[in-house]
Each structure stands twice: as structure tokens, then as C-alpha cells.
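So you can see what is in the structure, the chains are spelled out below.
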Amino acid sequence: MVDVSQHELVPEHTLIEEDEVESMLTEYDVKRAELPKIKRKDPALPDDAEVGDVVKIVRDSRTTDKAVSYRLVIE
């Protein structure tokens, strides 16, 4: 079976700690429920991701070198 999370085209997905979540929400002035969503069964997610967690996704970008986005894990 292939582990898609290790494919070179899949960006890095990292679970972030609650204190980092709170500082990010404050910095961007958003609520947790307003974050874009990602399904728990998405194969790119870390195995220990649970509903309600926030995932930091770091993609390569031609204009900014690295593009960071956040997703809320949902069922």
C-alpha cells in the first residue's frame, strides 16, 4: 500500500499545539470554526490527527518561497 503523505507533491501537514493555535487565531483575528476544513480521513493528515485539531500546511511557493495555511480537522 502506498503512503500518499510521503509523496513529493503532498505538502507538509503538521498538527500544531493548542497554544500555537490560540496565537494564530488571535494574529489573524478568526475563530476556529472559520478556518478552512479538512476531513479526518484525508490521507495526507498525520495518523494522530483528531476531529477539532488544527493542521499547519506548508507548501512551496514561487512568490513567497513558503506558503503557510491552516485547516480545521472535521469528521
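Everything below is about the structure printed above this text.
Residues numbered from 1 in each chain as written. Predicted model: local features only at pLDDT ≥ 70, side-chain atom pairs only at ≥ 80, totals over all residues. Heavy atoms only, no water.

So, on to the side chain of S69. Looking at where S69 falls in the secondary structure, it is placed in strand β4 (residues 65-74). Exposure remark for S69: the relative accessible area of 15% places this residue in the buried category. One polar contact links S69 to R59, side chain to side chain, over a distance of 3.2 Å. Residues contacting S69, with those up to four places away along its chain left out, are V55, K56, I57 and R59. (Helix = DSSP H or I, 4+ residues; strand = E, 2+ residues; numbered from the N terminus. Buried < 20%, exposed > 50% of the residue type's maximum accessible area, 1.4 Å probe, protein only. Polar contact = N/O pair within 3.5 Å; in protein donor to acceptor, adjacent residues only side chain to side chain. Contact = heavy atoms within 4.5 Å.)

What follows deals with the nonpolar core. The biggest cluster of nonpolar side chains holds eight residues, and these are I16, V21, M24, L25, L35, V54, Y70 and L72. Those elements that place two or more of their residues in this core are α1 (18-28) and β4. If we ignore the near neighbours within four places in the chain, the residues touching L72 are R32, A33, L35, P36, K37, I38, G52, D53 and V54. Residues I38, L45, I57 and V73 belong to the second largest nonpolar core, which totals six residues. (Core = buried A, V, L, I, M, F, W, Y, C linked by side-chain atoms within 4.5 Å.)

Under the definition given, this model contains three salt bridges. Between R32 and E18 there is a salt bridge, and its shortest N-O distance comes to 2.4 Å. With R32 in the loop between α1 and β2 (37-39) and E18 in helix α1, this residue pair connects regions lying 14 residues apart in the sequence. The partly exposed category is assigned to R32, whose relative accessible area is 22%. Ionic pairing is found between R32 and E22, a salt bridge with its closest N-O pair at 3.8 Å. Of the two residues, R32 sits in the loop between α1 and β2 while E22 sits in helix α1, which places them 10 residues apart along the sequence. Several salt bridges converge on common partners, so that one network encompasses E18, E22 and R32. (Salt bridge = Lys/Arg side-chain N within 4 Å of Asp/Glu carboxyl O.)

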